[in-house]
Amino acid sequence: MMNTAFISLGSNIGDRFSYLQDAIEMLSSNKKINMVNYSSVYETDPVGYEDQDRFLNMVIQVDTELSPYELLEICLAAEQELGRKRLIKWGPRTIDLDILLYNQDNIESEKLTVPHPRIQERAFVMIPLLEIKPDITLPAMDMPLRILAEEIPDKKGVQIWKRKNGEDAFALFES
Ligand SMILES: Nc1ncnc2c1ncn2[C@@H]1O[C@H](COP(=O)(O)OP(=O)(O)OP(=O)(O)O)[C@@H](O)[C@H]1O
Ligand SMILES: Nc1nc2c(c(=O)[nH]1)N=C(CO)CN2
C-alpha cells in the first residue's frame, strides 16, 4: 500500500545545505521511497536551546510502501551516516530528520510519536509544511493547520534561504 509522509529536515553544523541534499539523496535512493514534493529552504533562529547557530530547515513529502517504523529506521540510519551526534538536547546537529505525519495515522509508542508532538509550536516546521500543503489537517483536529497557525510564534525567525523554483522535485538542487 502506498502511504504519504511528511518529514522535516534541519541542520546547523558545517555545510548545512549539503547535509539537507545528502539526506534527501539517501532517502530517495531507497526503492520504497518516492519524493513527491519539497519546500523552499528556510534559515531559522534556534528554538529550545538558543546558544547555537541558525538552522536550515525544510519539509519534504514522500510516498512510501514502508511502515512508519521502517521509515523511522531509514531516517535514523541517514542521521547516523551523516555524522549526527546527540550531545545536547535540542542542540547543534549535522542533520535531524523528524517524521511529522504519516497518512492521517496517530502513533504513540516509545520509539515513535506521529503526528510529531511539537509541530504546532514550531514555526520552522509549520511554515515549510504549509508551503507545500496549504490545506493540511492534522489527525484528530477539526481545523486546517493553516488556521491553527495564524498566530504562528516566532514567524520572524524563519526566513527564506533558497526559494523552491518549479515543481520538479529536484529543481531546488540544480540551480
Ligand atoms: N515523529 C518522530 N520522528 C522522528 N523521531 C521520533 C519521532 N517520534 C519519536 N521519535 C524518537 O525520537 C528519537 C530522536 O530524538 P532526537 O534526539 O532526534 O530528538 P530531537 O529531534 O532532538 O527533538 P525533537 O523531537 O523535539 O525534534 C528517535 O530515536 C525516535 O525514536
Ligand atoms: N530553528 C530550529 N530550532 C531547532 C531545531 C530546528 O530544526 N530548527 N531542532 C531542534 C530539535 O529538534 C531544536 N531547535
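All values reported here derive from a predicted model rather than from experimental measurement.

What counts as what
- Residues numbered from 1 in each chain as written.
- Chains lettered and ligands numbered in written order.
- Predicted model: local features only at pLDDT ≥ 70, side-chain atom pairs only at ≥ 80, totals over all residues.
- Heavy atoms only, no water.
- UniProt positions renumbered as here; feature names shortened; annotations may be inferred.
- Helix = DSSP H or I, 4+ residues; strand = E, 2+ residues; numbered from the N terminus.
- Salt bridge = Lys/Arg side-chain N within 4 Å of Asp/Glu carboxyl O.
- Buried < 20%, exposed > 50% of the residue type's maximum accessible area, 1.4 Å probe, protein only.
- Polar contact = N/O pair within 3.5 Å; in protein donor to acceptor, adjacent residues only side chain to side chain.
- Contact = heavy atoms within 4.5 Å.
- Near = heavy atom within 4 Å.
- Areas by Shrake-Rupley, 256 points an atom, 1.4 Å probe, with all protein chains shown as cover.
- Nonpolar A, V, L, I, M, F, W, Y, C, P; charged D, E, K, R; others polar.

Student: Can you lay out the UniProt feature "domain: 7,8-dihydro-6-hydroxymethylpterin-pyrophosphokinase" (unreviewed entry) in the protein chain for me, pointing to particular residues and giving the numbers?
Tutor: UniProt records the feature "domain: 7,8-dihydro-6-hydroxymethylpterin-pyrophosphokinase" (unreviewed entry) for residues 89–100 in the present numbering. What you have in residues 89–100 is 0% helix and 42% strand, and the ends, taken at the C-alpha atoms, are 19 Å apart.

Student: Lay out the pattern of salt bridges with the relevant residues and their values.
Tutor: Pairing between side chains of opposite charge can happen when the charged atoms of each approach one another. Applying the stated criterion across every chain, the model contains six salt bridges. A salt bridge links Glu43 to Arg54; its shortest N-O distance comes to 3.4 Å. Here Glu43, found in strand β3 (residues 41–44), pairs with Arg54, found in the loop between β3 and β4 (55–64); they are eleven residues apart in sequence, far enough to count as distant. Two residues, Asp45 and Arg54, come together in a salt bridge whose shortest N-O distance is 2.8 Å. Residue classification places Asp45 among the partly exposed positions, given a relative accessible area of 37%. For Arg54, a relative accessible area of 26% corresponds to the partly exposed category. Through salt bridges with shared partners, a single ionic network connects Arg16, Glu43, Asp45 and Arg54.

Student: Pulling in residues and values, what's your account of the side chain of Glu43?
Tutor: Within the structure, the side chain of Glu43 is placed 3.4 Å from the side chain of Arg54, a separation counted as a polar contact. Setting aside residues up to four positions removed in sequence, Glu43 forms contacts with Arg16, Arg54, Phe55, Leu56, Gly157, Val158, Gln159 and Trp161.

Student: I'd love a proper account of the site of ligand 1, names of residues and values included.
Tutor: Around ligand 1 lies a shell of 17 residues, among which Arg86, Ile99, Lys111, Arg118 and Arg122 are the nearest. Note that a nitrogen atom of ligand 1 is positioned 2.9 Å from one of the backbone N or O atoms of Thr113. Here an oxygen atom of ligand 1 and a side-chain polar atom of Arg122 are 2.7 Å apart. For ligand 1, the protein covers 81% of the area, taking 640 Å² as the surface of the free molecule. Only α2 (68–81), β5 (96–102) and β7 (113–114) provide two or more residues apiece to the shell around ligand 1. Ranked by the residues each element gives to the shell around ligand 1, the list is headed by β5, at four residues. The residue makeup of the shell around ligand 1, split by class, is seven nonpolar, two polar and eight charged.

Student: Which residues make up the site of ligand 2, and what are the values?
Tutor: Around ligand 2 sit Thr44, Asp45, Pro46, Val47, Phe55, Asn57, Trp90, Arg93, Asp96, Arg122 and Phe124, and that is every residue in its neighbourhood. A distance of 2.7 Å separates a nitrogen atom of ligand 2 from a polar backbone atom of Asp45. Between Asp96 and ligand 2, the recorded distance is 3.1 Å, taken from a side-chain N or O atom to an oxygen atom. Here ligand 2 has 330 Å² of accessible area as a free molecule, and 96% of this is covered by the chains. Here the shell around ligand 2 is composed, by residue class, of five nonpolar, two polar and four charged.

Student: Can you explain unusual backbone geometry? Please cite residues and give values.
Tutor: Cis geometry marks the peptide bond from Val114 to Pro115, where omega comes out at -5 degrees. Mapping Pro115 onto the fold places it in the loop between β7 and α3 (123–132). The phi dihedral of Asn103 is positive, around 45 degrees, even though this residue is not glycine. Summarising the element assignment, Asn103 is placed in the loop between β5 and β6 (107–108). Note on Asn103: relative accessible area 24%, which makes it partly exposed. Located in the positive-phi region is Ala140, a residue other than glycine, with phi close to 65 degrees.

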